[in-house]
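Spelled out, the chains give:
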Amino acid sequence: MAGEGYSATTATVSVSSVRKPMTKKDAKLAKQLAMLEANAENRFDIPAWLKEVVAYMVFLVAFSVLVFASRNNTDVVSYATHWKDFVEFRSVGVTTPARVENFLQEFLIEDIFKQDYFTIDNYTAPGTSAYVRGSAIIGPVILRQVRVLPVACGAAHESLKGRGLVEATECYPTMSEGDEDTTYTKQQAVVPQWVNEYDFFTYSDKTVTKRKKIDGIFAQYPAGGFVAKMTKDNAPTVLQQITSSSWLDPKTRALVVDIIAYSPQTDLFADVQVLFEYLPGGMIEHTVNVKGMFLDRYAFTTLFQRSIVGLEFVVYAVVFWYLYTEIQEMRIQGRALYWSQGWNWVDWSNLIMFLLVLYYKVINYFEFGSMFQPEDAEDPERIAQQIDALGNSLLVQDQINGFNGFVLWLKLFRYVAITRRMLRLSNVTVVIIYDVVSFCVLFFVVSYAFVIFGHLLFKSKVNDYQTAVDTAITLMRGVYGDI
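Everything numeric in this text was worked out from a predicted model, so none of it was measured.

A. Main features of the overall build of the chain. When helices and strands are tallied, the chain shows 16 helices and ten strands. Counting contacts in the chain only where the partners sit at least 6 residues apart, residues at least 24 apart contribute 66% of the total. Summed over its atoms, the accessible surface of the chain is roughly 27,200 Å², and 62% of this surface lies on carbon and sulfur atoms.

Put into structure tokens, the structure is as follows:
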């Protein structure tokens, strides 16, 4: 700003005096800074600046309101928490195979397929197999077993076997150290007599289960497996067959219980997943994951819902206007000068994420519109798979929106360079970017060293240090005081 005794010449001299001798890269950067500062008086015309800032703030607030209002966050979190507490109440203390069978009996037979706390007269839904705690269970409850192939036993085992201290048997590693078994056999490759009698002895791959890989505490488990399906009519029989045939045995490495629940009062879905990890030592660890889902993002029932849809049209109209102005700016300045300005890269990252979210919005809208057709009542499992797939797609959409919102709010720093000091701060940020990147690399190396140290030191004693990822998360939480 001229009134403050600040000029492009002063800025150029200061940059040159700091970096001597100048490299070709430094000279190019100094030239770009001088060009930007030479136009500072025109760029930061106060009325034009205020107009641009106010317009961007209105757009930013509208986007934030749209993200939070269209997701029904409070009800979704409450519904997911309700189901997680319900499951964890029954799964506390499940650490052995016998207790897993008790859990299946108590939770599935006595809770899901028997209790009926809030009865609604004449309530029906396609694929509803039970009604519990005000929620319909959509489709069957799926039990999916993941099995591991045997491997050669260790030297200690062979030595003990040679001395007659242990029996000759196969050894079954953790899932992270072994391969998935897709043919159901017992020890020594013995085929049980029930293989041709019960469907849950037949392997189903991921194209049939329509599920994704699961990250457990000790390993990542594949999407396929041996599947048993339970409904209100056959649940006691299926559980009795599973128990009597010893379906779960030492080769079992994971048992996944999948439930899709729907609350007609709040129009919310819950994808409930209970993972039991069978460890080679005979113990079991379990994890409960519940994903709340609000699928109907474009309901027109109330005035508030219609206003949210209208706000979305306004936001995307502004997005396309920003897209047009960026293209025009590139055409006027030329590609070389345009892409030499860092904020333009940020602008395009925002625009690309907006367009990507728009793609997901259109796909998800038509996907939801095609669900719950009358003919689907004959295939309730397909309904549950569609709900899960749409929920995952909406989750990706929300994650992109979340990162986009983070970048949009950071972009407010673009508008603070209205005084000499703020402009200098903005220019310094550009100059030191390479040093910041170098520091981040060094910080990552040092942090990873602490991660490895903590993992090796505490992995057998503290759950939060059992994997490198868990250790990194624990240390990061400790940095912010969340310990």
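From this point, the discussion proceeds with the structure in view.
B. Highlighting the side chain of Arg144. Relative to the helices and strands, Arg144 is located in strand E3 (residues 141-147). Only 3.0 Å separates the side chain of Arg144 from the backbone oxygen of Pro222, close enough to count as a polar contact. One polar contact links the side chain of Arg144 to the main-chain carbonyl oxygen of Ala223, over a distance of 3.2 Å.

C. Inspection of the environment of Pro222 at higher detail. You can see Pro222 is positioned in the loop between strand E6 (220-221) and strand E7 (225-230). Judged by relative accessible area, Pro222 falls into the buried class, the value being 15%. Distance in space between the C-alpha atoms of Pro222 and Glu180 is 7.8 Å, their sequence separation being 42 residues. Apart from residues lying up to four places away in sequence, Pro222 is in contact with Arg144, Val146, Met175, Glu180 and Lys213.

D. Region of the structure containing the pattern of salt bridges. Under the criterion given, the structure shown has 14 salt bridges. Taking the shortest distance from any N to any O, the salt bridge between Glu106 and Arg90 comes out at 3.6 Å. On the criterion of sequence distance, the pair formed by Glu106 in helix H6 (residues 97-112) and Arg90 in helix H5 (residues 73-91) is long-range, its members being 16 residues apart. Take Glu106: its relative accessible area is 30%, and that puts it in the partly exposed class.

E. Broad picture of helix H9 (residues 235-244). Along H9, the residues that are buried comprise Ala235, Val238, Leu239, Gln241 and Ile242. The arc that holds the buried residues of H9, viewed along the axis, is 160 degrees, so those residues lie on one side. Turning to H9, the residues buried within the fold contact H6, E3 and E7.

F. Structural context of the state of the cysteines. Scanning all chains against the criterion turns up one disulfide. At a sulfur-sulfur separation of 1.9 Å, the disulfide partner of Cys153 is Cys171. Linking Cys153 and Cys171, the disulfide has an S-S dihedral of approximately 105 degrees and is accordingly described as right-handed. With Cys153 in the loop between E3 and helix H7 (155-162) and Cys171 in the loop between H7 and strand E4 (203-204), this residue pair connects regions lying 18 residues apart in the sequence. Among the residues examined, Cys153 registers a relative accessible area of 15% and is labelled buried.

G. Broad picture of unusual backbone geometry. Backbone geometry places Ala189, a non-glycine residue, at a positive phi of 60 degrees. Checked against the element boundaries, Ala189 lands in the loop between H7 and E4.

H. Spotlight on the nonpolar core. Counting residues in each nonpolar core, the largest one holds 45 residues, and the members touching the most others are Trp83, Leu108, Leu143, Met230, Trp247 and Phe276. Elements supplying a minimum of two residues to this core: H5, H6, E3, E7, H9, strand E8 (252-263), strand E9 (268-278) and strand E10 (284-293). With seven residues, the top contributor of residues to this core is H6. Ranked by size, the runner-up nonpolar core spans 25 residues in total, among them Phe63, Val67, Tyr316 and Met353.

I. Summary view of the packing of helix H4 (residues 46-69) against helix H10 (residues 303-333). Here H4 crosses H10 at 135 degrees, and the two axes come no closer than 10 Å. The angle between the axes of H4 and H10 places the two elements in the oblique class. Seen from above, H4 lies across H10 with left-handed handedness. Along its contact with H4, which presents Tyr56, Phe59, Ala62, Phe63, Val65, Leu66 and Ala69, the element H10 presents Phe304, Ile308, Leu311, Glu312, Val315, Val318, Val319 and Tyr322. Within the contact of H4 with H10, the residues separate by chemical class into 14 nonpolar, no polar and one charged.

Rules of the game
Residues numbered from 1 in each chain as written. Predicted model: local features only at pLDDT ≥ 70, side-chain atom pairs only at ≥ 80, totals over all residues. Heavy atoms only, no water. Helix = DSSP H or I, 4+ residues; strand = E, 2+ residues; numbered from the N terminus. Contact = heavy atoms within 4.5 Å. Areas by Shrake-Rupley, 256 points an atom, 1.4 Å probe, with all protein chains shown as cover. Polar contact = N/O pair within 3.5 Å; in protein donor to acceptor, adjacent residues only side chain to side chain. Buried < 20%, exposed > 50% of the residue type's maximum accessible area, 1.4 Å probe, protein only. Salt bridge = Lys/Arg side-chain N within 4 Å of Asp/Glu carboxyl O. Arc of directions from axis to C-beta. Disulfide = S-S within 2.5 Å. Core = buried A, V, L, I, M, F, W, Y, C linked by side-chain atoms within 4.5 Å. Axes fitted to C-alpha atoms, helices over the stretch in contact; angles between N-to-C directions. Parallel < 35°, antiparallel > 145°, perpendicular 65-115°, else oblique. Left-handed = near helix turned anticlockwise from the far one by under 90°. Nonpolar A, V, L, I, M, F, W, Y, C, P; charged D, E, K, R; others polar.

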